[in-house]
Amino acid sequence: MGKKHQKHPSSPPVVNPDMIEDEAAAEMQAGRFRKARDLYKTLCKQNRDKYLPGLIEANRLLAVQLMEKGQLPEAQQVIAYLKTIAPASELLLLELEGALAANDWAGGFECALGLLSRSGSRLEGQPAKLAADALVLSFADREAIARLPEPFQSELSVIHEALRGISEMRYEQVQEMIRPLARGSIFASWKMLVKALLAFYGGDAPKAKVLFNQLPAGGLIERAGRTFGLFLGIPHPTLMPAACQLLRVPELAAPLCRADEAWQKQRFIDSYKELRVVPGFPSLQPNLAGALSDFYMKACALLPTPFFWPYVSYFDRLSLQKGFKNDDESWLVYRMLLLEMEKDPGDAPLDVLCREFIKRIPAKDPLKNKIASMVLARSGAYFAKEEAAFGFGAYESDLRDADKAIELLEESIALDPTNLSAHLKLLDVYDVENLKSERNRLLDKMTALFPRSKAVMLRAGSECVARKTWGKGLDYLQRARDLDTLDPEPPRKLVDALTKMARQYYEKGTLAKGRHGFERAYQYALPSETDFDRGSVFLKAKQAMLELVYGDEAIGRKLRDEARGESGSVPALRLFEWIYYRSLSRKLRQRSVFIESLDKAPRPVNAFERRSLCLMLDYAAACVGEYALYSELNYVSECLQPVAGKDFTSEEALDLIPLLSGKPDFSPIVKTLINTGLKHDPKHPRFRFYKLSNETRGRFDHRQIELNAIRDEAVKRGDSATIKLVASVLDSFRHERGQHELPDWDEPEAPPSGEDIARMIPPQIIADMLKKVSAMNDAEFDDFRQQTLEKMPAEFFEVLFGEMNRQRKGRSGARR
Amino acid sequence: MNPFLILRLSPDATDADIRRAYLDGIRQCPPERDAERFQAISQAYEQIRDESKRLQYRLFDMTSPGMTLGEVVQKYCVAVSPPKPLEFELMKTFLRSCLTK
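Residues numbered from 1 in each chain as written. Chains lettered and ligands numbered in written order. Predicted model: local features only at pLDDT ≥ 70, side-chain atom pairs only at ≥ 80, totals over all residues. Heavy atoms only, no water.

### Describing the overall build of chain B
Reasoning step 1: If you tally the helices and strands in chain B, you get 6 helices and 0 strands.
Reasoning step 2: Reading the helices (α) and strands (β) of chain B from amino to carboxyl end gives α-α-α-α-α-α.
Reasoning step 3: Per-residue burial over chain B gives 47% buried out of 101 residues.
Reasoning step 4: Put simply, 58% of the contacts in chain B that link residues at least 6 apart link residues at least 24 apart. (Helix = DSSP H or I, 4+ residues; strand = E, 2+ residues; numbered from the N terminus. Buried < 20%, exposed > 50% of the residue type's maximum accessible area, 1.4 Å probe, protein only. Contact = heavy atoms within 4.5 Å.)

In structure tokens, the structure reads:
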């Protein structure tokens, strides 16, 4: 007897098919096609006719999904199953997608051919687009194309021929070729791409931009268009691989994607390593590999602070191990190290690094010596920088390493005697180190070597004038002037030299030569009331004083009266005369009876004269020293009495305050000016700024909120001068703090987060701490926690030990 | 971006080559037509117009060509735009590669 089939003791629960169908629909909606397929399978067992379309659709979508994920064997399995349940017509489209995903161009062509043969001109939408793409991408031969029905056969040939024409730069021919292609053709979007390519390669960027933007969205045509768009400045982050194809560097495509991904995840060194395996990278050539190499070697400034040293250290290790991939890499790395270390050398031996870099210059480079000289000069300039040094209870200025600077700069000059900046820098070092004979020898050499250099001529001229070698000095200064007639510096120095020379002649009694010197100086004079060196009035006043003291009294009086007649501010001129008179030889000066003292000088009558007087006082302080002024200060104080008596306008007050600030003799006047200004307008931003400056003696410490309020008021009133003043103070604060971004002072600066701090600590130290903590018992941990929280931000503690703390609590809870 | 790239020159270009490339560049891209490109060409010329400046650029320039790799590629593409058309075989490869998302 056969074994009797035994019925299962408990029959499966009866489930409502509608509920399963709803569930399947929901799964489809959510993109979980595998689950939906299984549900439809169950449903088909109950009613195949009703649920078969759902099963087919779920399988189709699953196959597409698998293809998109690149799981082609799995997709093939699903398609094989579909072949057993779906009618052939529905399978073709899926097979076409499968063929394209598998890069089976011939297979794709066959599927597209099948689709077109069945549907013909009725094919539209996504199937039509896919068929067109498959046909074009097959780049099939004539015989294969001949199997297509018309008009597809001729249209496809046109597209292929057009693409070939673009490659061969037959643009006009291509233009004519594609004209007849109908708008309703399945190849219409390919026609649009061809038109856009014609505009792009034809150099009509605006038209190309428009055409690329009009390409149908989704699919390969759009992706191709967007890749070309990169060249027109339309950014698209995901098209780097396709761009590499267009740039003829397909070997860079995949590593570049990986490198970009690593860079975005802040794995900066890994990112470099991804590209380092590509042949031809790094490179110094002006190509894509060169641009990418440039990026990595100049990226230090872009890195977040905790990543800076690890990044530089990687390249430093490469240099120490001499593990360079090629010569270009060694050049780029040494260059980067040299320039980065220069910013913050620490213990790095900059001069050694500089010499290592020089070794990397190719021997056959015709500019080898020039390059080496420039590098040495740069390092020399680094050591020649002045920095504050502590000595005898005060800060003094000193060079970083004068001996090293001289050594490097001399070596630089020996390698390239035409290196002007190295010469100038060495001259500065000799100056600071007071090596006079070396400086003079170098300067003589420089005047012969660089006769066309304005800087050298000015330096040599000034040096000669200081040594009273008038002829040579004036010659150099004149040459500097001839080299650049627009620069005001050479004529200023010429006037200065000529007046000093003339004064010497006057003092010696050779009046004719003295007068001739002034005649030459007048050639460079300016009709200025505020240029006390070059202003013609002041030159005349100087000559007048010299004539009155050493020369012809009549000429002196005449010149003095002329100057006073021409001057727009006689009180200031009188002060100038007095100061110049004071600077003349005391012995001779006492013999003079022609100079009137300041007591009898006129007082200013208007704001312009008062302002000129204040400017002249500053000039006097610069000439003879602030502490040598006495009668001059009295004179100016008397002249400003009307201002102290509140006889002034706001404009004049705003003009005078900066000129008088910082001079103790005038502080009552400054206070009067500020208080009167604020009385008229209590919110006036500039007067408020000056008041604050006066109160804090220009330090502004802890007054940022007031400064912000002043700035806001100035912005409200459109007072750009005050905005600039406040901004300069804020800038100086920022500079002092060494910050890139100025925090808003109204709100306290956010402290770094626990995670930020944790990132800054080397992982090894954190690992050790965690190891110690994990060995503690609960009591020890509580002690440790209490002690640590006194020194460590709670947030940081949470980042490091939070998880451990929770685990402990969990364990103790379980024990209880 | 590398000024030699922008002016489409080899790194061993002479003063005369550079000036010619600069003049050609601004003739093709006057400021009223493409202000950005005009500015890029002018800046590139200033960076390498004579031997001393070229050496300065080669040795000491630390201006990054972009903030990210994507930006470098983008700027590079703009600098060499329009590139020469691809040969037909490469064109096929390029179009086929666009199929991949």
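Having put the structure on the table, let's press on.
### Observations regarding the packing of helix α3 (residues 35-48) of chain B against helix α4 (residues 51-60) of chain B
All names here are of chain B.
Reasoning step 1: Between α3 and α4, the shortest axis-to-axis distance is 6 Å and the interhelical angle comes to 100°. The orientation of α3 relative to α4 falls into the category roughly perpendicular. Residues E46, Q47 and I48 of α3 form the contact with α4, whose participating residues are K53, R54 and Y57.
Reasoning step 2: Among the residues forming the contact of α3 with α4, the class breakdown is 2 nonpolar, 1 polar and 3 charged. (Axes fitted to C-alpha atoms, helices over the stretch in contact; angles between N-to-C directions. Parallel < 35°, antiparallel > 145°, perpendicular 65-115°, else oblique. Nonpolar A, V, L, I, M, F, W, Y, C, P; charged D, E, K, R; others polar.)

### A short note on the side chain of S330(A)
Reasoning step 1: Along the polypeptide, S330(A) turns up in helix α19 (residues 327-343).
Reasoning step 2: The contact partners of S330(A), leaving out residues within four places of it in the chain, are F324(A) and R360(A).

### Section: the interface of chain B and chain A
Reasoning step 1: With 52 residues of chain B at the contact, the number on the chain A side is 66 residues.
Reasoning step 2: The junction of chain B with chain A conceals about 5400 Å² of combined surface from both sides, 71% of it contributed by carbon and sulfur atoms.
Reasoning step 3: Applying the counting rule to chain B against chain A returns 4 salt bridges.
Reasoning step 4: For E87(B), the salt bridge is made with R248(A), and the minimal N-O distance between the two is 3.2 Å.
Reasoning step 5: Viewed at the interface, chain A and chain B are joined by 14 residue pairs in polar contact (both at pLDDT 80 or more).
Reasoning step 6: Elements supplying a minimum of two residues to the side of chain B that touches chain A: α1 (3-6), α4, α5 (69-79) and α6 (88-97) of chain B.
Reasoning step 7: At 9 residues, α6(B) tops the list of elements feeding residues into the side of chain B that touches chain A.
Reasoning step 8: Of the residues assigned to the side of chain B that touches chain A, the class counts are 30 nonpolar, 13 polar and 9 charged. (Buried area = accessible area lost by both parts, 1.4 Å probe. Salt bridge = Lys/Arg side-chain N within 4 Å of Asp/Glu carboxyl O. Polar contact = N/O pair within 3.5 Å; in protein donor to acceptor, adjacent residues only side chain to side chain.)

### Focus: the packing of helix α11 (residues 188-201) of chain A against helix α13 (residues 220-231) of chain A
Residues and elements named next belong to chain A.
Reasoning step 1: Where α11 contacts α13, the two axes come as close as 10 Å, and the packing angle between them is 10°. By the criterion of interaxial angle, the relationship of α11 to α13 is roughly parallel. Where α11 approaches α13, its residues S189, W190, L193, L197, F200 and Y201 are matched on the opposing element by L220, I221, A224, G225, F228 and F231.

### Details of the packing of aromatic side chains
Residue and element names in this part refer to chain A.
Reasoning step 1: Under the criterion given, the structure shown has 35 aromatic pairs over all chains.
Reasoning step 2: Between Y272 and Y314 the ring centres are 6.2 Å apart and the planes differ by 70°, which places this aromatic pair in the edge-to-face class. On the criterion of sequence distance, the pair formed by Y272 in helix α16 (residues 268-276) and Y314 in helix α18 (residues 305-321) is long-range, its members being 42 residues apart. A single burial state applies to Y272 and to Y314, both of which are buried.
Reasoning step 3: Ring plane angle 85° and centroid distance 5.1 Å describe the contact between F308 and W309, whose orientation is recorded as edge-to-face.
Reasoning step 4: Given a relative accessible area of 17%, F308 falls into the buried group.
Reasoning step 5: On the accessibility criterion, W309 (39% relative accessible area) is partly exposed.
Reasoning step 6: Connected via pairs of aromatic rings, a cluster forms that spans W263, F268, Y272, F281, F295, Y296, F307, Y311, Y314 and F315. (Phe/Tyr/Trp six-rings, centres within 6.5 Å; stacked < 30°, edge-to-face > 60°.)

### Observations regarding the side chain of S293(A)
All names here are of chain A.
Reasoning step 1: Locating S293 in the fold gives a position in helix α17 (residues 288-297).
Reasoning step 2: In this structure S293 comes out as buried when scored by relative accessible area, which is 1%.
Reasoning step 3: In contact with S293, not counting residues within four places along its chain, are F281, P282, S283 and L332.

### Details of helix α31 (residues 570-583) of chain A
Reasoning step 1: Over its 14 residues, α31(A) extends 20 Å from the first C-alpha to the last, a length consistent with the 20 Å expected when each residue adds 1.5 Å.
Reasoning step 2: Of the positions making up α31(A), those classed as buried are P571(A), A572(A), L573(A), R574(A), L575(A), F576(A), E577(A), W578(A), I579(A), Y580(A) and Y581(A). (Expected span 1.5 Å × (residues − 1).)

### Some words on a negative patch on the surface
Reasoning step 1: Taken together, E386(A), D398(A), D403(A) and E433(A) make up a surface patch of like negative charges.
Reasoning step 2: Residue placement: E386(A) occurs in strand β1 (residues 386-391). (Patch = residues over 30% accessible without salt bridge, like charges linked within 9 Å, V, L, I, M, F, W, Y side chains within 5 Å. Areas by Shrake-Rupley, 256 points an atom, 1.4 Å probe, with all protein chains shown as cover. Lys, Arg positive; Asp, Glu negative; His and termini not counted. Charge placed at Lys NZ, Arg CZ, Asp CG, Glu CD.)

### Section: the confidence of the model for chain A
Caution applies to low-pLDDT regions: their predicted coordinates should not be interpreted in detail.
Residue and element names in this part refer to chain A.
Reasoning step 1: Here chain A shows a mean pLDDT of 80. Residues at 70 or above account for 84%.
Reasoning step 2: Confidence over residues 390-395 falls short of pLDDT 50; this stretch has 5 contacts with residues more than four positions distant or in other chains.
Reasoning step 3: Low pLDDT (under 50) marks residues 738-752, which in the prediction has 19 contacts with non-local residues, meaning those over four places away or in another chain. (pLDDT = per-residue confidence, 0-100.)

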